[in-house]
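# Secondary and tertiary structure notes
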Amino acid sequence: MRTIKSISTLLLILFFSSSWAQSQITGIVTDNQKNALPGANIIIKGTKYNTTSDAEGKFSIDTHEKLPITLIIQYVGYTSNQVKISQPTEAPLEISLAPEGENVLVEVVVSSRRRIEKAQDVPIAVSVVTGKQAEQVGAFNVNRIKELVPSVQLYSSNPRNTGINIRGLGSPFGLTNDGIDPGVGFYVDGVYYARPAATTLDFIDVDQIEVLRGPQGTLFGKNTTSGAFNITSRKPSFTSGADFEVSYGNYNYLQAKASVTGGLTSKIAGRLSFSGTQRDGIIDNVRTGKPTNTLNNQGIRGQLLYKPTENTNITLAGDITTQHNDGYAQVVAGVAPTNRVPQRQFNAIIADLNYQLPSLNAFDRKIDHDTPWRSNQDLGGASLNVDTKIGNGTLTSTTAWRFWTWDPSNDRDFTGLQQLAKSQNPSRQTQFTQEVRYAGQITTKISGVAGVFYIDQTSKTNGTEESGNAQWRFAQDSFTPANTALWKTPGLFEGYGIHTDAQIHSTSAAVFGQLDWAITDKLHLLPGLRYNYDKKDADYDRKTYGGLQTTDPALIALKKKVYTDQNFSSDNDDTDFSGNITVSYKVNNKINAYGTFAKSYKPIGVNVAGLPTPAAGQTLGDLATVKPEDVTHYEFGVKTSPIANSILNLTYFNTDIRDFQTNVQAAELGVNRGYLANADEVRVQGVELDFSFALNKHFNFYGAGTYNDGKYVKFTNAPLPLEETGSSVSFKDVSGTALPGVSKWAGSLSSEYTKDAKFFSNAGKFFVAIDGYARSEFSSSPSASKYLVVPGYAIFNARLGFRATEGLSIHAWGRNLLNKDYYEQLLPAGGNAGQYAAVLGDQLTYGVTLRYSL
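Here is a short report on the structure shown in this document. The model shown is predicted, which means the values in this text are computed figures rather than measured ones.

## Some remarks on empty space enclosed by the protein
Approximately 670 Å³ is the volume attributed to the largest cavity. Lining of the largest cavity is provided by 35 residues; of these, N143, R279, L295, E824 and D842 occupy positions nearest its centre. A per-class count over the lining of the largest cavity returns 11 nonpolar, 17 polar and 7 charged.

So, in structure tokens, the structure goes:
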């Protein structure tokens, strides 16, 4: 009933507001040759109100605000323009845009604070990648975006086990646990995506990607402790248009994209977009004789825009993306000697089993895995977004339902031996979200945003892990002749495994808001506050099955050393106040400085991936729940334009987290290599640099760099690193060691040369571009291990071709031009026998892309 009342109230407000009279501004948008520019975007600065120019370049827009106002005019391929209107005028405005080729640095606008404004004016550390830029560099997913924004880290041993971090924080490093909330928010057109797996899928028709760094709880619906991705799709237009793109490269790489848009009636416009990527495998399976780690992604997105009045936009959107890869196989990268007895060292085990690895060099890219790899996921949903003007602000309602399904098969021992014959945890997650917020001008000096947010999500997993005929030798822990005979009992472990039923139901509700008080034209104070309620219920039930059916107590005891039954339930709820305060001072038009202090938190976590055997005095229930994180953050930044056509921004940050939720490895097979625990305290601190510079008519340079010192301040009961497995103690003090996944140094640099040219009578630009991305070494183990350190690396990419705003564009491209061998992640095999595997970076790839725009 409350939901029905809320919807009714919203509709009444919508139609009441649409009847208000508004004064209009009219005009025409042309290029510097006086040619009309249809489909130009015209925005009232500081609001979300916009319109587009028609086929003759003409437009009209309601002012909505008291004068003076500023219009921002944007058109793809042209430098944005701003026009200030101080008094009413009946004469149409004549606005001319200069082509970007004239190399006037484009001032990017963002919507991070729920209004349209220049990125340089926003007192937030934010990096912006336009859809056009992402397409040009081949950044079709988040893993490629991290090469442009070095503060971002993404680690994925498969889509489910994907973690996305900003400044080294966000998700526990290693295997994903459904019972923990991401610390980095991922939003597409205002809709929160709860599953990190979404970051492994292709973007579909993206207009802009904003990466906000630091806690974001007073502007966005879901509380996030480390930052947020705010992704906007290209919107439906009443002006007809279409884009088609196809790329072909080595390893039979094929990518196709298409998008069409146009008016369906005078008040309804639509947009339909498609993206698909395929590629042959790049790792050879010598057992099957065929390559693995293929790409096979398809996605489609449809949008309908209804404009009952100039005051109101109603957008209905739906999407479905599939990824059905023979992929994500990991290659053995090395063997670490452990503290177990000599008979339990990996090399001794495989010698007894008359087995050899297909290669001792991971970069031979050879595996002999006997369990097929399957990494199938489907992601989709629908949303309804309503934007309507009320008074001096905008009321927005975003309602969405989404789902994610996961159907995997893995070879967790990374070898051709049947230690583990099956390892798969099919899952399905569904979510419903509702956000309502109001953003606008409250008084002449105060503006702000206030909102409410609700999410209800359920995740269900029905998993299977099963031993094979080599399990006895990996699990054997006693070596007298009599004991060896027991371990070798025929059929004892073959087909012996566990079935897991796990379910988490979580709900979260919040009230949030932030003000912007203009104390003077230059000095602003921005306080923000959030109240959050979180409830998380979990049920975990694991049953053993199979293997030799016996009543012999000695044999039953051996089986229990491999797998045991587990069952627990957890019911937790919590509330929290958090917030931030920012002081911003605009020294002049070229220097904008700010400082922020924030308190944030991450809700309680629940283990649903198996637990280690409890110590004396503990139960599974004690281990099932991990405490919420308590985050204290501050940063100082300065955004500058030191000379014409340049941007230079510098940020210092420091984040302290008490009860840090981390993923730690375990020697027990049934723990799925990792479980959640709390580290007492961690700290990350560092400096970030962003710059862009248009040197002259032909040369552009872009770059970003970060120094990040992330470490455990205090973690006295960390599980042992891989090489210390088998020690007389079960825990280790790793205080002062590096946080996993954090490089001290990372950076990117891009340069481009352009020149006016014609191609098949099409006017456009010839261009040559080179991109570089580098990072220093980092720990790939939650408890630092000298064997699980990923060496630093640098990769270089390049593009050469011709592009045009309309008509045909073509360019050749190459990635990892120097064919650098590098790891993206290292991880130990189940059971910690000593072998560890690598997620390999792609070798040299190259191809050609053709694009046609109407």
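Once you've had a look at it, read on.
## Let's talk about the sheet that holds strand β4 (residues 58-62)
Two pairing modes exist for strands in a sheet, parallel and antiparallel, and in both the strands are linked by backbone hydrogen bonds. Spatially, 3 strands are ordered β4-β1-β7 in an open sheet, and the strand pairing comes out mixed. The open sheet has two free edges, formed respectively by β4 and β7 (93-97), since each of these has just one partner strand. Across this sheet, the average inter-strand angle for adjacent strands is 35°, counted without regard to direction. For strand β1 (residues 24-31) and β7, the ladder comprises 5 bridges, and the chain directions are parallel.

## Comments concerning a nonpolar patch on the surface
Residues F244, V260, L272, F274, I300, I320, Y852 and L854 make up a contiguous nonpolar surface patch of roughly 690 Å² in combined accessible area. In this structure, L854 sits in the segment after β51 (845-853). Relative accessible area serves as the criterion here: at 57%, L854 is assigned to the exposed category.

## Focus on the pattern of salt bridges
Going through the model one piece at a time under the given rule, you end up with 38 salt bridges. Here R402 and D319 are joined by a salt bridge, their closest N and O atoms 2.9 Å apart. Here R402 is found in strand β27 (residues 393-409), whereas its partner D319 is found in strand β23 (residues 312-325), with 83 residues between them in sequence. For R402, a relative accessible area of 5% corresponds to the buried category. We note a salt bridge from E681 to R683, for which the minimum N-O separation is 3.9 Å. The class of R683 is partly exposed, set by a relative accessible area of 26%. It is possible to trace a salt-bridge network through shared partners that takes in E135, D205, R234, D243, E245, R271 and R851.

## Quick notes on the sheet that holds strand β50 (residues 835-840)
The strand order across the open sheet built from 3 strands is β24-β50-β49, with neighbouring strands paired in antiparallel fashion. Single-partner strands in this sheet number two, and they are β24 (331-335) and β49 (823-828). For this sheet, the mean inter-axis angle between neighbouring strands, taken without regard to orientation, is 35°. Judged from the 4 bridges that link them, β24 and β50 form a sheet pairing that is antiparallel. Opposite V331, over in β50, you have A838 as the bridge partner.

## As for the packing of aromatic side chains
A full pass over the atoms with the stated rule returns 23 aromatic pairs. With a centroid separation of 5.6 Å and 80° between ring planes, the pair formed by Y253 and W813 is classed as edge-to-face. Here W813 lies in strand β48 (residues 807-815) and Y253 lies in strand β18 (residues 253-263), a separation of 560 residues in the sequence. Each member of the pair Y253 and W813 is classed as buried. Considering the side-chain rings of F363 and Y823, the 4.9 Å spacing of their centres and the 20° angle between planes classify their relative orientation as stacked. With a gap of 460 residues between them, F363 in the loop between α4 (346-352) and β25 (366-367) and Y823 in strand β49 connect regions that are remote in the sequence.

## Quick look at the pairing of β18
Pairing geometry for strand β17 (residues 241-249) and β18, over 9 bridges, is antiparallel. Bridge pairing links F244 to A258 in β18. What sits between the antiparallel neighbours β17 and β18 is a turn of 3 residues, in which Y251 has the positive phi angle 55°. Relative to strand β19 (residues 268-279), β18 runs antiparallel, the two being bridged by 10 bridges. Counted as the bridge partner of Q255 is T277 from β19.

## A short note on the environment of N177
Inspection of the secondary structure puts N177 in the loop between β12 (162-166) and β13 (184-188). Assessed through its relative accessible area of 4%, N177 is described here as buried. Along the sequence, N177 and G605 sit 428 residues apart, while their C-alpha atoms lie 9.0 Å from each other. The contacts of N177, once residues within four sequence positions are left out, are V606, N607, V608, A609 and L676.

## Some remarks on the nonpolar core
In this structure, I145, F186, I209, F229 and I231 are the most contacted members of the largest nonpolar core, which totals 30 residues. Once you skip the residues sitting within four places of it in the chain, I209 turns out to touch S127, V128, V129, I145, F203, F229, N230 and I231. Counting 20 residues, the second-largest nonpolar core is a separate cluster that includes A329, F363, W373 and L826.

## Some words on helix α7 (residues 553-562)
Within α7, burial applies to L555, L558, K559 and V562. End-on view of α7: buried residues confined to an arc of 100°, all on one side of the axis. Exposed side of α7, more than 90 degrees from the buried face: P553 and K560 are the residues found there. The inward-facing, buried residues of α7 abut β30 (446-467), α5 (471-475) and α6 (481-487). For α7, the N-terminal cap is D552; the gap from its side-chain oxygen to the backbone nitrogen of A554 is 2.9 Å.

Cut-off values and rules
Residues numbered from 1 in each chain as written. Predicted model: local features only at pLDDT ≥ 70, side-chain atom pairs only at ≥ 80, totals over all residues. Heavy atoms only, no water. 1 Å grid on protein atoms, 1.4 Å probe; cavity = no way out; pocket = protein on both sides within 12 Å on 5 of 7 lines; lining within 4 Å. Points joined across faces, edges and corners; volume = space filled by probe spheres on them. Nonpolar A, V, L, I, M, F, W, Y, C, P; charged D, E, K, R; others polar. Pairing = 2+ DSSP bridges. Helix = DSSP H or I, 4+ residues; strand = E, 2+ residues; numbered from the N terminus. Axes fitted to C-alpha atoms, helices over the stretch in contact; angles between N-to-C directions. Patch = residues over 30% accessible without salt bridge, like charges linked within 9 Å, V, L, I, M, F, W, Y side chains within 5 Å. Areas by Shrake-Rupley, 256 points an atom, 1.4 Å probe, with all protein chains shown as cover. Salt bridge = Lys/Arg side-chain N within 4 Å of Asp/Glu carboxyl O. Buried < 20%, exposed > 50% of the residue type's maximum accessible area, 1.4 Å probe, protein only. Phe/Tyr/Trp six-rings, centres within 6.5 Å; stacked < 30°, edge-to-face > 60°. Contact = heavy atoms within 4.5 Å. Core = buried A, V, L, I, M, F, W, Y, C linked by side-chain atoms within 4.5 Å. Arc of directions from axis to C-beta. Polar contact = N/O pair within 3.5 Å; in protein donor to acceptor, adjacent residues only side chain to side chain.

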